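The primary structure of each chain is shown beneath.
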Amino acid sequence: MEIVYVYTKKRAEFGRQCNFSDRPAELHVDIVPDSTLSDNFIERNPVDIAIQCVQEMSEHEINTERFETGSRGINHTEGGWPKDVNPQELEQVTRYRKKVEKDEVYIQTIQNLGNVMEHCIRQNNAIDIYEDYFEDVDPNEIKRTATHISWYPDGPRKLAVAYCNLDFQGSSADTAMDSYIWDVENPNKPETTLKPVSPLVCLEYNPKDSHVLLGGCYNGQIAYWDTRKGSQPVEMSPIEQSHRDPAYKTIWIQSKTGAECFSASTDGQVLWWDIRKMGEPTETLYLDKKQDLAKAQGAYSLEYEPTMPTKFMVGTEQGVIMSCNRKAKTPMEKIVANFTGHIGPVYSLQRNPHFPKNFLSVGDWCARIWSEDIRESSIMWTKQYSSYLTDGCWSPVRPSVFFVTKMDGTLDVWDIIFKQNDPTLSLQVCDVPLHSLRVQEHGRLVASGSKDGTTTLLELSEGLHTLQRNEKNLVTNMFERETRREKILDARHREMKLKERTKSQQDGKDEDEHKGGEEEGLPEEDLYEKAEKDFWDIIEQERKKQPDPSQEFEKADAGKQSPTEEDGEEKTNGGPESENKKD
């Protein structure tokens, strides 16, 4: 039913002011209730309403873009037909309309009005007031850890997040295996869903082709996706040729084809792949000096610098960082050096983007900065945290800034030029453990994934993502100074160990000669008796050193007696004893 109310006014009264007056209320339309509409609703019976004695308060925070407003006037012209045109006559109206439509001013005016109306219509259609904005915010009821994050190569518009439950046998049959690509502008619903055959532990964009992603699965398989071809993987490695443990890290290799990559797993293998033929790995390396798979160390993290195409580094479960050379002459020479400094797995490993000789490692309760020139010890390290560290990375813009995440849900930002004992900024991101971290290429945005699957996007202040004056020279001097210091300490330590070893060898030689001279003429039975006698002498000496329980009881009883002359005598008699004991 369309409700229409017609307002009439005489032609002679056009333009006159309005005269308002009171009149009784009038009923224009009476709409009878429709009983069928009640089928769309459910009666609330009973209705409970909580009433508090105090005023209910709420707090809400939101960051919005600044919008400048201004006052602006408008000219209103009341139109109408000219006096010589009768609107009731069709011929006069048609003749006048054709005349006006030929005018250039009229055409320009209509076009301008059309643009304004089109903008208003588009603005109204941009927001669907009936849209369910929170549909499938969490597509899975069972929470999974955001294990890895990868930024879109062509700008901070998207990020790919891998989701996996890393608890051993902690996933049920109802746990989803999907991972997602999110649009930064629309955090309520994923832009693309990736459907692997096994949950993804890691996920990496191809730096040469932003449509291609590489993933390492929980069952050890390697797969890649092309977002132009849908949610299913384009190709996967055969299960019999893949890792035996979860593929914790995959990295694209700098190559002309952009199709080469390699992966690492806790099964002790590093495998190289070509996504154009995923039937088997192109190369295999066991993380053992003698290339024995049974003794290989499991890999948790990988590091690859495109400027050094043949070198890569591996962080293992045992806390060892292995520096490797892919193009070594023999398989045994591929593991060049070992760096030992962590207690437990090395969860993150990354070279400084500005100083490739120095790299950052994160494990146990601290983060360490290393130099390739020193293998015995790191040149710098953070304080010992009370909470376990889970991930870390350098700032791509500032060479002195790095980030670490912890199990208590905090993100720490370290600026080693500003201070070395404490982080420059410590931010409580969430109340659950943080597990993954990745900084965008421009250094302004930081994405961090938590154990419950939430990925938090943080924007850094200008001071933390803008290169400071003379910063590179200061960091260079700091790294060189700490490297020299560690070299001096290492040389002194070796010298002391050599002296101690020489002294112990000399003492042992003299003692053997002395014993040999005494025991040279003794028969074998006498030697056994002498050894037994020496053993019991040592036991007797240890027994004499221990306090006698009866003396302890006598002292305790003496302390309970009242002070008498006997006590005084005991005290005087006890004086020399105590002095002798002190002596």
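Residues numbered from 1 in each chain as written. Predicted model: local features only at pLDDT ≥ 70, side-chain atom pairs only at ≥ 80, totals over all residues. Heavy atoms only, no water.

K.L.:
Explain the sheet that holds strand β15 (residues 320-325) to me, and be specific about the residues and the numbers.
P.N.:
Taken in spatial order, the 4 strands line up as β13-β14-β15-β16 in an open sheet, and their pairing is antiparallel. At either margin of the open sheet sits one strand with a lone partner, and together these are β13 (299-303) and β16 (335-340). Sheet twist, expressed as the average angle between the axes of neighbouring strands with direction ignored, equals 20°. Pairing of β13 with strand β14 (residues 311-316), which is carried by 4 bridges, proceeds in the antiparallel orientation. By the bridge assignment for β14, Ser 301 is matched with Gly 315. (Pairing = 2+ DSSP bridges. Helix = DSSP H or I, 4+ residues; strand = E, 2+ residues; numbered from the N terminus. Axes fitted to C-alpha atoms, helices over the stretch in contact; angles between N-to-C directions.)

K.L.:
How would you explain helix α2 (residues 104-125) if you had to name every residue and give the values?
P.N.:
Given 3.6 residues per helical turn, the α-helix brings residues three or four places apart onto the same face. In this model, α2 (22 residues) spans 32 Å end to end at C-alpha, consistent with the 32 Å of a helix rising 1.5 Å per residue. Two or three places before Val 105, at the start of α2, stands the capping residue Asp 103, its side-chain oxygen 3.4 Å from that residue's backbone nitrogen. (Expected span 1.5 Å × (residues − 1). Polar contact = N/O pair within 3.5 Å; in protein donor to acceptor, adjacent residues only side chain to side chain.)

K.L.:
Summarise the nonpolar core; cite the residues concerned and give the values.
P.N.:
Most often, soluble globular proteins keep nonpolar side chains buried together rather than apart. In this structure, Ile 369, Phe 402 and Phe 479 are the most contacted members of the largest nonpolar core, which totals 18 residues. Mapped by element, the contributors of at least two residues to this core are β18 (358-363), β19 (366-371), β21 (389-394), β22 (401-406) and α3 (471-519). Core analysis: the next-biggest nonpolar cluster, separate from the first, contains 17 residues, Ala 264, Val 270, Leu 287 and Met 322 among them. (Core = buried A, V, L, I, M, F, W, Y, C linked by side-chain atoms within 4.5 Å. Buried < 20%, exposed > 50% of the residue type's maximum accessible area, 1.4 Å probe, protein only.)

K.L.:
How would you sum up the environment of Thr 410? Please name residues and give values.
P.N.:
Positionally, Thr 410 belongs in strand β23 (residues 410-415). Through-space distance from the C-alpha of Thr 410 to that of Leu 434 is 7.3 Å; in sequence the pair is 24 residues apart. In this structure Thr 410 touches Val 404, Thr 405, Ser 426, Leu 427, Gln 428, Val 429 and Leu 434, once residues within four positions along its chain are discounted. At 3.1 Å, the side chain of Thr 410 and the side chain of Lys 406 are in polar contact. A polar contact of 2.7 Å, which involves the side chain of Thr 410, links it to the side chain of Asp 408. (Contact = heavy atoms within 4.5 Å.)

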